[in-house]
Amino acid sequence: MGYVTREMIDRAKEMDLLTYLQTYEPQELVHFGGSTYCTREHDSLKISNGKWCWFSRGIGGRTALDYLIKVKEVPFTDAVERIVGRAAGQPPISCTRQQPEQTKTLLLPQVSRCATHAVEYLHSRGIDYELIDSCIRSGRLYESYPHHNVVFVGKDKDGQPRYACLRGIGTDFKGEAMGSDKRFSFSIPAEEPSPVLYLFESAIDLLSFATMAQEDRLPWRSQHLLSLAGVYQPKKNLAERRLPLALSQYLRDHREVQTIYLCLDNDLAGRSAADAIRQQLAGKYVVRDGFPCQGKDYNDWLCLRKGLPITKTVPKTERSMAR
């Protein structure tokens, strides 16, 4: 086994898979559509937006180094030497980081013929059967195959799928389908134009709110419901803060919205995000707090209300990698 230095490893990690194949193995690269490619050897291995995922095996990565190790099963040091040696002899012809941004191509996981596992999992979290069925029929929810994750699909204003988050059933897995565009997170738009928008951190919190509203016979379908697929600690400098992409896009697509309820998690991250959103929307919209009355989030509140156990785990997150 050879010896590689830290500098060699760092250089090898800089090369993305698309650039590597374009430069050194162009015969292995097949254009799939849009900005997405696959390999001739493995047509289920898709490359898009600087990442790659081998869907049939449920593995993925970002770099050519990841690919050589995980797919070609090249030993680590040999893989580093191969990339660095080729780059020294023939500099890369391109770099995906320097290419202009293209429209993302969403690669949705395969649909399972039966959604039993997804339905029972969501019902165990307190979500109403009728609501689950409605989301399945509208294409906003399904169960994936072969991993049997719950898939929450976000659509644009024309009803086209543009985003998908995945939630493991009986596991701590959370992730996003490759090519997901965060501007179009999971939502249930109002049936008619509505001036009211309810904002949540996750799809399950959104469905928990809808379940409680439905049980209380409240007209929740007359209001917009949007999830953010998580929130992040806002920047300290107010001038550098930006609205969540999903919220910005939704407000552009639904200009009739006037009042926004912030139904984020009742913890430090949720309250910090709510404060940042409130400051950025001041004077433009009526912004009101909608934190859960019990528990950390709306699913906690729903489970407490129904006497169901609250089981929380630290998620194993795999961003932009479909399983």
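Being a predicted model, the structure only gives us computed values, none of them experimental.

Novice: Hey, could you run me through the nonpolar core in this one?
Specialist: Judged by nonpolar contacts, the single largest core of 34 residues is most densely connected at Leu 122, Phe 152, Leu 207 and Leu 225. Elements supplying a minimum of two residues to this core: helix 5 (116–124), helix 6 (129–137), strand 8 (150–155), strand 9 (161–167), strand 12 (196–200), helix 7 (203–215) and helix 10 (298–306). For this core, the leading source of residues is helix 7, giving eight residues. Leave out the neighbours within four places in its chain, and Leu 225 touches Ser 187, Ile 188, Leu 197, Tyr 198, Phe 200, Leu 206, Phe 209, Ala 210 and Trp 220. Of all hydrophobic cores here, the second largest spans 26 residues; its members include Leu 17, Tyr 20, Leu 29 and Val 71.

Novice: Can you walk me through the pairing of strand 7 (residues 141–145) in this structure?
Specialist: It is a general feature of regular strands that their side chains alternate between the two faces of the sheet. Of all five residues in strand 7, four are buried, a share of seventy percent or more. Examined bridge by bridge, strand 6 (residues 110–111) and strand 7 share two bridges and lie antiparallel to one another. Paired with Val 111 across the bridge in strand 7 is Ser 144. In this structure, strand 7 lies alongside strand 8, joined through three bridges in antiparallel fashion. Its bridge partner lying in strand 8, Glu 143 is registered against Val 150. Hairpin remark: strand 7 followed by strand 8, antiparallel, with four residues in the connecting loop; positive phi at His 148, about 55°.

Novice: Explanation requested: the side chain of Asp 205 in the structure shown.
Specialist: Mapping Asp 205 onto the fold places it in helix 7. Excluding residues that lie within four positions of it along the chain, Asp 205 makes contacts with Phe 200, Asp 265, Asp 297, Tyr 298 and Asn 299.

Novice: Honestly, the environment of Ala 118 in this entry has me stumped. Any pointers?
Specialist: Relative to the helices and strands, Ala 118 resides in helix 5. For Ala 118, a relative accessible area of 3% puts it in the buried group. Counting along the chain gives 32 residues from Ala 118 to Val 150, while the straight-line C-alpha distance between them is 5.4 Å. Apart from residues lying up to four places away in sequence, Ala 118 is in contact with Glu 143, Val 150 and Ile 169.

Novice: Would you take a moment to explain the packing of helix 6 against helix 7 for this structure?
Specialist: When two helices pack together, their arrangement is given by the angle between the helix axes and by the axis-to-axis distance. Packing of helix 6 against helix 7 brings their axes to within 10 Å, and their N-to-C directions diverge by 125°. Here helix 6 is positioned oblique relative to helix 7, judged by the angle of their axes. You can see that helix 6 and helix 7 cross each other, and the crossing is right-handed. Across the interface between the two elements, Glu 130, Leu 131 and Cys 135 of helix 6 pack against Leu 207, Ala 210, Thr 211 and Gln 214 of helix 7. Class assignment for the residues of the contact of helix 6 with helix 7 results in four nonpolar, two polar and one charged.

Criteria and cut-off values
Residues numbered from 1 in each chain as written. Predicted model: local features only at pLDDT ≥ 70, side-chain atom pairs only at ≥ 80, totals over all residues. Heavy atoms only, no water. Core = buried A, V, L, I, M, F, W, Y, C linked by side-chain atoms within 4.5 Å. Buried < 20%, exposed > 50% of the residue type's maximum accessible area, 1.4 Å probe, protein only. Helix = DSSP H or I, 4+ residues; strand = E, 2+ residues; numbered from the N terminus. Contact = heavy atoms within 4.5 Å. Pairing = 2+ DSSP bridges. Axes fitted to C-alpha atoms, helices over the stretch in contact; angles between N-to-C directions. Parallel < 35°, antiparallel > 145°, perpendicular 65-115°, else oblique. Left-handed = near helix turned anticlockwise from the far one by under 90°. Nonpolar A, V, L, I, M, F, W, Y, C, P; charged D, E, K, R; others polar.

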